[in-house]
Amino acid sequence: MGSTVAAAAFGALMTGAGVSDSPAQAAIAPQERSGVIQAYRIPAGSVASALNVIADENDLHVLYDARLTHGRMTPGLSGKYSVREALGALLAGTGLTYEFSRDGQAVSIVLAQNDAGTQTDASGATPLPTIDIGAQTNGRGDDARARPAPGPGDRYTGYNAMSAPATLKVDTPLLKTPIAVEVVTRQTMDDQQAISVNDALVSNVSGVTQGISAIELFKVRGFYNTVGNVYKNGLMEYRLRNLDTTNLQSIEVLKGPAAMLFGRGEPGGIINLVVKRPLETPYFSLHQQVKSFGETRTTVDATGPLNDEKSVLYRFNGEFYSTDSYRNFVTDRNLFIAPTITIRPTEQFKVNIDFEYQNKTYVDDYPIFPAIGGAPANIPVSRYLGEPSIMKSTPNHFERKRIAYDATYEFLPGWSLTNRLSYYHIDTNNENLQIMGVNQATGVMSRTVNFLPGYGEDSFGANVDLKGRFTTGPIEHSVLLGYDYFGTYLPVNISYFFSPIRAINIYAPTYWLPENPYRGMASYGAAGQKWTGVYGQDMLSFFDDSVHVLLGGRYDWTETGSNKIGTSDYAARASYVNVYSNAFSPRVGVVYQPLPWISLFGDFTQSFGANNGTTQNLAPLAPQKGEQYEAGVKAELLDKRLSLTMAYFDIVKSNVPYTDPTNTRNTLLIGKARSQGFEFDLTGRIDDNWSVIANYTHDDVRTVEGSPSYNPLTLITTQLAVSGKTLAGSPRNYGNLWVKYEADGAFRGLGLGAGVSVSESYLGDNANSFVVPGYAIVNGMISYTTQIAGLTVTGQLNVKNIGDARYFPASYDRYTIQTGAPRTFLGSLRVEF
């Protein structure tokens with residue numbers, strides 16, 4: 001395509017003489033000739049939709065050949081760009097590019113290779129509307145057509161993600177992957193003002209329910225994630241607590257056993273936190289939030305280049321919040337800073353260096369709330385059943401320091417080597433109550449306190465991934481080979497367990513009587529773990545890229561240590577015992593695409609779980625195992641704006657530990673627990689105005705082999721392993737719906753959102769001795785974005801639990817029921833430039 005064709009195209013446009021013989025054309029806007037930078041907010045979607053926005057923002061008349069743009073997608077655009085820069089960014093990776101005529105009066109959209117496939121007959125061209133931004137009225141364009149540019153910063157991601165490379169370790173589209181993966185995007189978190197990871201996950205991903213919020217436990221497909229199923233940028237964050245969304249770009253959930261990629265873990269799935277990365281386009285955001293119950297939260301996000309070549313970039317995220325709670329006596333103060341540097345000396349090499357520091361002081365809010373009879377106690381959810389004379393005078397403290405990097409070198413086209421490393425240190429002191437029993441008639445609760453005056457823990461993780469593509473005959477291969485290591489060590493520390501404190505009446509509590517948390521039994525403890533694994537997988541694609549077969553496997557070597565005697569520092573060190581295990585974890589999956597927009601998938605995988613330690617006689621116990629069969633359907637609807645996943649799964653977890661009913665110092669194993677169900681997720685944009693997140697889960701979670709455990713302290717047969725019983729806190733049916741409308745025309749800049757979370761009743765403990773009632777929670781949002789003095793300003797109000805429902809989102813046993821927050825208002829003001 002030369003300038004002659006482009007000039008002819010421009011002439012055809014100006015004279016209105018039908019369609020041109022060029023693929024697409026657009027008159028050059030005055031902004032381009034004058035070098036004025038325009039602010040854009042273009043969501044991911046079709047190239048055609050993106051060109052429409054370019055026309056809208058720049059007063060252009062654009063023609064494009066529908067045969068060229070059909071099925072081509074763009075990742076979107078958010079930031080300030082010239083017309084040239086905007087076109088280049090939008091068309092990157094689409095196979096299309098642009099050409100300007102010699103006189104600068106016209107532009108053509110052409111195939112990047114400029115090959116014979118370029119259409120010379122533009123009979124398929126589709127005109128886009130001419131936009132006249134016209135005269136100004138009250139500082140806004142005519143009819144308010146000039147959409148405010150809310151700023152870049154990679155915030156406007158939409159709700160839909162097409163891939164999850166941070167979790168899958170390859171960039172294969174989710175549609176072609178025989179694994180169920182869901183992604184919570186940055187825009188989802190912002191629209192819902194999700195401050196905690198819990199807020200972001202449980203309303204937006206099927207199969208995920210809230211666990212015990214005080215220690216950041218989640219249930220994925222019926223099984224707790226425990227302390228080893230949360231990752232950050234693909235590396236394990238052991239005992240990761242107090243999770244916040246401040247510096248997160250997305251949260252990815254890999255459903256089912258993930259041992260092939262990540263090693264040991266629970267079979268329900270893993271949660272991977274993906275942090276924000278520095279950007280070449282300078283950006284600054286100041287966000288102030290005010291919430292019910294006295295919460296204020298201030299966050300800062302700044303990014304940009306540090307040199308003219310843009311080979312060194314920075315990003316800084318910071319947060320400070322201070323809050324009370326709907327729960328009496330509970331407070332929380334948190335400082336978090338997270339600077340990041342990206343260095344890219346060449347196109348083939350890039351390294352990201354992350355730093356994090358967190359300092360948190362808080363009054364313990366472990367969810368002590370008892371069951372009376374067959375239901376949660378009829379007392380206010382605000383009632384605090386801990387002991388404020390201890391909790392307020394010696395509040396919990398948590399300090400975390402983390403440094404990490406990931407470096408990628410593309411040494412050949414399509415082949416790269418990635419190395420990740422993470423080190424973090426935690427210092428903490430805390431206390432928590434343990435309930436010994438509740439008199440069901442009088443409501444008198446017996447309590448003890450466990451006090452940990454302070455300990456430090458170090459953790460280190462690293463991995464190396466080699467990935468690439470090659471072809472053998474008709475088969476295309478996408479291979480991944482890797483090695484990883486994780487180690488953590490908790491040195492000998494002292495704790496005081498079962499310090500007796502006075503009983504409390506749950507109906508008429510009396511507080512502030514002096515208590516001594518040091519009266520308990522002194523116990524010395526130490527623990528450590530080392531995990532090493534090698535893994536490999538090959539995705540084979542054939543039959544015109546309609547069939548994909550995933551073959552993978554991993555071998556792990558583990559070492560888990562702990563002391564068996566805690567009467568003294570010396571005894572703890574002398575009785576420290578390591579237990580060694582190893583296992584092979586396979587994964588096999590198949591994807592068939594009868595049409596390019598839909599796929600049928602199935603997979604089988606096994607996992608190698610947490611080590612169970614030893615018996616009282618130091619005999620090693622077999623490690624936990626997981627096994628899953630899964631099948632489902634994935635689809636990309638409405639020109640890939642909307643993603644659908646439906647999956648059936650059947651997971652069996654074996655070798656679950658429980659306390660010996662005849663000797664509480666001994667540990668035995670349960671046979672099996674099973675989670676079997678169906679999930680539905682629909683996420684994305686319906687059209688230019690409407691977006692949706694909808695999910696539903698049906699899950700039957702129960703023990704299929706086991707035996708009861710007798711607790712001599714409470715004289716109660718507890719719920720750990722009763723065969724045939726439903727596991728605690730496992731509703732069989734639950735789901736969420738969130739719908740957002742972005743106004744156009746005169747109300748452009750206005751956003752409205754509404755959602756509902758519904759759960760049926762569920763059994764509150766493993767003995768199935770009481771029922772937690774079902775609930776429906778309604779949430780709402782209104783926001784408005786505008787330009788003030790060159791700044792992008794967004795005001796937003798979210799209301800959660802509009803109906804002020806009394807509900808309990810999680811339960812662990814008869815004394816540990818998680819209360820839900822009453823009606824909560826969360827207002828915010830964000831300034832960006």
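As shown above, the structure is provided for reference.
Being a predicted model, the structure only gives us computed values, none of them experimental. (Residues numbered from 1 in each chain as written. Predicted model: local features only at pLDDT ≥ 70, side-chain atom pairs only at ≥ 80, totals over all residues. Heavy atoms only, no water.)

**Things to note about a nonpolar patch on the surface**
Threshold: Without a salt bridge and with relative accessible area above 30%, a residue can belong to a patch; like charges are then joined within 9 Å and nonpolar side chains (Val, Leu, Ile, Met, Phe, Trp, Tyr) within 5 Å. Surface exposure here means Shrake-Rupley accessible area, sampled with a 1.4 Å probe, where a residue is shielded only by the protein chains that are shown. In what follows, salt bridge is the name for a side-chain nitrogen of Lys or Arg lying within 4 Å of a carboxyl oxygen of Asp or Glu. Counting from the N terminus, the helices are the DSSP runs of H or I reaching at least four residues and the strands are the DSSP runs of E reaching at least two.
Nonpolar side chains collect at one region of the surface, where Tyr409, Phe411, Leu412, Leu417 and Val464 lie side by side and expose about 420 Å² of accessible area between them. Among the elements that line the nonpolar patch, the one with the most residues is strand E27 (residues 396-412), at three residues.

**Describing the pairing of strand E28 (residues 415-438)**
The two faces of a sheet get side chains in turn, since along a regular strand they alternate between them. Put simply, the test is: A pair of strands is labelled paired if DSSP reports no fewer than 2 bridges between them.
The pairing of E27 with E28 spans 14 bridges and is antiparallel. Residue pairing for E28: Lys401 is matched across the bridge by His425. Between E27 and E28, which pair antiparallel and follow one another directly, the connecting turn spans two residues, one of which, Gly414, has a positive phi of 85°. The pairing of E28 with strand E29 (residues 444-472) spans 21 bridges and is antiparallel.

**Considerations on the sheet that holds strand E14 (residues 218-220)**
Spatial ordering of the open sheet is given by E13-E14-E15, a layout of three strands whose pairing is antiparallel. Strands at the two margins of the open sheet, each flanked by one partner only, are strand E13 (208-210) and strand E15 (223-224). In the sheet, E14 pairs with E15 via two bridges, with the strands oriented antiparallel. Counterpart to Lys219 in the pairing with E15 is Tyr224.

**Quick notes on empty space enclosed by the protein**
Under the convention used in this document: We place a 1 Å grid over just the protein atoms. Points where a 1.4 Å probe fits but has no way out form a cavity, open points with protein on both sides within 12 Å along at least 5 of 7 lines form a pocket, and any residue with an atom within 4 Å of a point lines it. Grid points are joined across faces, edges and corners, and a volume is the space filled by probe spheres set on the points.
Scanning the entire structure with this criterion turns up 14 cavities of 30 Å³ or more. Forming the walls of the largest cavity are 36 residues, and the residues nearest its centre are Arg155, Asp190, Asp191, Gln796 and Arg830. Within the residue set of the lining of the largest cavity, elements represented by two or more residues are helix H7 (186-192), strand E20 (283-291), strand E21 (295-305), strand E41 (733-742), strand E42 (750-759), strand E45 (775-788), strand E46 (791-800) and strand E49 (824-832). Top element by residues in the lining of the largest cavity is H7. It accounts for five residues.

**Points about the side chain of Glu266**
To keep it simple, the criterion reads: Relative accessibility under 20% of the residue-type maximum defines a buried residue, over 50% an exposed one, and the middle range a partly exposed one, all with a 1.4 Å probe and only protein chains included. Under this definition, polar contacts are N or O atom pairs within 3.5 Å; protein pairs additionally need one hydrogen-donor-capable and one acceptor-capable atom, and for neighbouring residues in sequence, both atoms have to be side-chain atoms.
Here Glu266 lies in the loop between helix H9 (259-262) and strand E19 (269-275). With relative accessibility at 5%, the residue Glu266 sits in the buried group. A polar atom in the side chain of Glu266 sits 2.5 Å from the side chain of Lys653.

**A short note on the environment of Gly671**
Tracing the backbone shows Gly671 in strand E37 (residues 663-685). Among the residues examined, Gly671 registers a relative accessible area of 24% and is labelled partly exposed. For the pair Gly671 and Ser654, spaced 17 residues apart in sequence, the C-alpha separation works out to 5.6 Å.

**Here's the deal with helix H5 (residues 83-91)**
As a reminder of what qualifies: This arc is built from the directions going out from the helix axis to the C-beta atoms.
For H5, every residue scored as buried is listed here: Val83, Ala86, Leu87, Leu90 and Leu91. Along H5, the residues classed as buried sweep out an arc of 115° about the axis, all on the same side.

**Quick word on the pattern of salt bridges**
Taken as a whole and assessed by the stated rule, the structure comprises 38 salt bridges. In this structure, Asp603 engages Arg587 in a salt bridge whose closest nitrogen and oxygen atoms are separated by 3.2 Å. Of this pair, Asp603 sits in strand E34 (residues 598-608) while Arg587 sits in strand E33 (residues 576-595); the two residues are 16 residues apart in sequence, bridging distant segments of the chain. Asp603 sits in the buried class, given a relative accessible area of 6%. You can call Arg587 buried: its relative accessible area is 3%. Each of Arg155, Arg186, Asp190, Arg830 and Glu832 takes part in a single network of salt bridges with overlapping partners.

**Considering the environment of Asp190**
Applicable threshold: We call two residues contacting when some pair of their heavy atoms lies within 4.5 Å.
Positionally, Asp190 belongs in helix H7. Exposure remark for Asp190: the relative accessible area of 10% places this residue in the buried category. Separated by 606 residues in sequence, Asp190 and Gln796 have C-alpha atoms that sit 9.8 Å apart. Those residues in contact with Asp190, other than ones at most four positions away along the chain, are Arg155, Gln796 and Arg830.

**Topic: the pairing of strand E18 (residues 248-255)**
Buried residues dominate E18, accounting for eight of its eight residues. Where strand E12 (residues 181-185) and E18 come together, five bridges link them in antiparallel fashion. Within E18, the position partnered with Val183 by the bridge is Glu252. Alignment of E18 against E19, held across seven bridges, turns out to be antiparallel. Paired with Glu252 across the strands is Asn272, a residue of E19.

**Focus on the sheet that holds strand E17 (residues 235-236)**
Spatially, five strands are ordered E12-E18-E19-E16-E17 in an open sheet, and the strand pairing comes out mixed. A strand with exactly one partner marks an edge of an open sheet, and here the two such strands are E12 and E17.

**Quick notes on the side chain of Lys169**
For clarity, the threshold we go by: Under the counting rule used here, the positive set is Lys and Arg, the negative set is Asp and Glu, and His together with the chain ends is not counted.
Position of Lys169 relative to the elements: it lies in the loop between helix H6 (165-168) and E12. As a buried residue without a salt bridge, Lys169 has its nearest oppositely charged side chain in Asp465, at a separation of 4.0 Å. Polar contacts involving the side chain of Lys169 include one to the side chain of Tyr535, which spans 3.0 Å. In contact with Lys169, other than residues within four places in its own chain, are Ala164, Leu261, Phe262, Asn463, Asp465, Lys467, Leu480 and Tyr535.

**Overview of the nonpolar core**
Stated formally: Residues belong to one nonpolar core when they are buried, are Ala, Val, Leu, Ile, Met, Phe, Trp, Tyr or Cys, and are joined through side-chain atoms within 4.5 Å.
Ranked by internal contacts, the top residues of the largest apolar core, which has 29 residues, are Met445, Ile506 and Phe808. Of all the secondary-structure elements, those providing two or more residues to this core are strand E25 (371-372), helix H10 (388-391), E28, E29 and strand E30 (475-505). Of the residues forming this core, the biggest block, three residues, is contributed by E28. Non-local contacts of Phe808, meaning those with residues more than four positions away in its chain, are made with Phe369, Pro376, Val381, Tyr762, Val772, Tyr775, Ile817, Gln818, Thr819 and Gly820. Counting 27 residues, the second largest nonpolar core, distinct from the first, contains Tyr231, Leu254, Leu480 and Phe486.

**Description of the packing of aromatic side chains**
What counts here: Pairing of aromatic side chains requires ring centres within 6.5 Å, counting the rings of Phe and Tyr and the six-membered ring of Trp. Pairs whose planes differ by under 30 degrees are stacked, by over 60 edge-to-face, and all others tilted.
Considering all chains together, one arrives at 17 aromatic pairs under this definition. Taking the centre distance of 6.4 Å and the plane angle of 15° together, the rings of Trp415 and Phe470 count as stacked. Here Trp415 is found in strand E28, whereas its partner Phe470 is found in strand E29, with 55 residues between them in sequence. Between the aromatic rings of Phe486 and Trp531, the centroid separation amounts to 5.6 Å while the plane-to-plane angle is 55°, which identifies the pairing as tilted.

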